[in-house]
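An overview of the molecular structure
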Amino acid sequence: MDALRASRGWIPELSLVAVDPGGDVAGHVVCSRGSVGGAPVLALGPLSVRPDRQLSGVGSALMHAVLGAADALGEPLVALLGSTAYYPRFGFRLAREYGITPQEPQWVPHFQIRTLTAYDPSLRGPFAYPEPFDHV
């Protein structure tokens, strides 16, 4: 996270924290600047929820909030590598359906995108995460 915060891909408006009633951090989600075919898009991750708050709706609330904020900022789409059992409930679909390919071929079965209001179907090609993800 420190490397991501220090990078050109960092978007402070899309780093959201959920705080429980006692003031403790319950979860966090971030979107940073990725690209598809060189065009700017969003990369979602990480999404994390404190173990004792999982299955309480915190993750869902964070997802809805960050997707709404991304849409309000005029972003075209959000991409992520994650569970095909979890993320479709938020409108994510396999990226290959949109002609978008992940950085690693083995990611294809789990690489997903969520289109937003500003999405243009001509946005196709290889996806790239911001540079700090290359070191993970």
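Structure shown above.
In short, a report on the structure. (Residues numbered from 1 in each chain as written. Predicted model: local features only at pLDDT ≥ 70, side-chain atom pairs only at ≥ 80, totals over all residues. Heavy atoms only, no water.)

Looking now at the packing of aromatic side chains. Tallied over the full model, the rule gives seven aromatic pairs. Plain terms: the ring middles of Y86 and Y87 are 4.9 Å apart, the flat faces sit at 90° to each other, and that makes the pair edge-to-face. The interplanar angle of 80° and the centroid separation of 6.0 Å between the aromatic rings of W107 and Y129 together place this pair among those described as edge-to-face. Within this pair, whereas W107 is found in the loop between strand 6 (100-101) and strand 7 (111-115), its partner Y129 is found in the segment after strand 8 (125-128), the two being separated by 22 residues in sequence. Y129 gets classed as buried once you look at its relative accessible area, which sits at 11%. Of the aromatic side chains, those joined through ring pairs into one cluster are Y86, Y87, F90 and F92. (Phe/Tyr/Trp six-rings, centres within 6.5 Å; stacked < 30°, edge-to-face > 60°. Helix = DSSP H or I, 4+ residues; strand = E, 2+ residues; numbered from the N terminus. Buried < 20%, exposed > 50% of the residue type's maximum accessible area, 1.4 Å probe, protein only.)

Sheet faces and side chains relate simply in a regular strand, where the side chains alternate between the two faces. Sheet topology note: the strand 4 (residues 77-81)/strand 7 ladder contains five bridges and is antiparallel. Within the sheet, the bridge partner assigned to L80 lies in strand 7 and is Q112. Of the pairings in the sheet, the one linking strand 5 (residues 93-94) to strand 7 comprises two bridges and is antiparallel in character. The partner of L94 across the bridge, within strand 7, is Q112. (Pairing = 2+ DSSP bridges.)

In this structure, L44, V78 and F92 are the most contacted members of the largest nonpolar core, which totals 21 residues. Elements supplying a minimum of two residues to this core: strand 2 (25-36), strand 3 (39-49), helix 2 (58-72) and strand 4. Top contributing element to this core by residue count: helix 2, with six residues. Every residue in contact with L44, bar those within four places of it in the chain, is listed here: V29, V30, C31, M63, V66, V78, A79 and L80. Among the nonpolar cores identified, the runner-up in size contains 13 residues, and V41, L77, Y98 and F127 belong to it. (Core = buried A, V, L, I, M, F, W, Y, C linked by side-chain atoms within 4.5 Å. Contact = heavy atoms within 4.5 Å.)

Following the criterion strictly, the structure yields five salt bridges and no others. Salt-bridge contacts for D20 lead to R53; the nearest nitrogen and oxygen are separated by 3.9 Å. Here the residue D20 occupies a position in the loop between strand 1 (15-19) and strand 2, and R53 occupies one in the loop between strand 3 and helix 2, the gap between them amounting to 33 residues. Its relative accessible area of 12% is what places D20 among the buried residues. Each member of the salt-bridge network shares a partner with another, and the members are D20, R50, D52 and R53. (Salt bridge = Lys/Arg side-chain N within 4 Å of Asp/Glu carboxyl O.)

Attention now goes to helix 2. For helix 2, which comprises 15 residues, the first-to-last C-alpha distance of 21 Å matches the rise-based estimate of 21 Å (1.5 Å per residue) to within 8%. Where helix 2 is concerned, the buried positions are V58, G59, L62, M63, V66, L67 and A70. Mapping the buried residues of helix 2 onto a view down its axis gives an arc of 155°, with all of them on the same face. Along helix 2, exposed side chains directed more than 90 degrees from the buried face belong to H64 and A72. Its buried side turned inward, helix 2 meets strand 1, strand 2, strand 3, strand 4 and strand 7. A positive backbone phi angle near 80° is found at G74, which sits one or two residues after helix 2. (Expected span 1.5 Å × (residues − 1). Arc of directions from axis to C-beta.)

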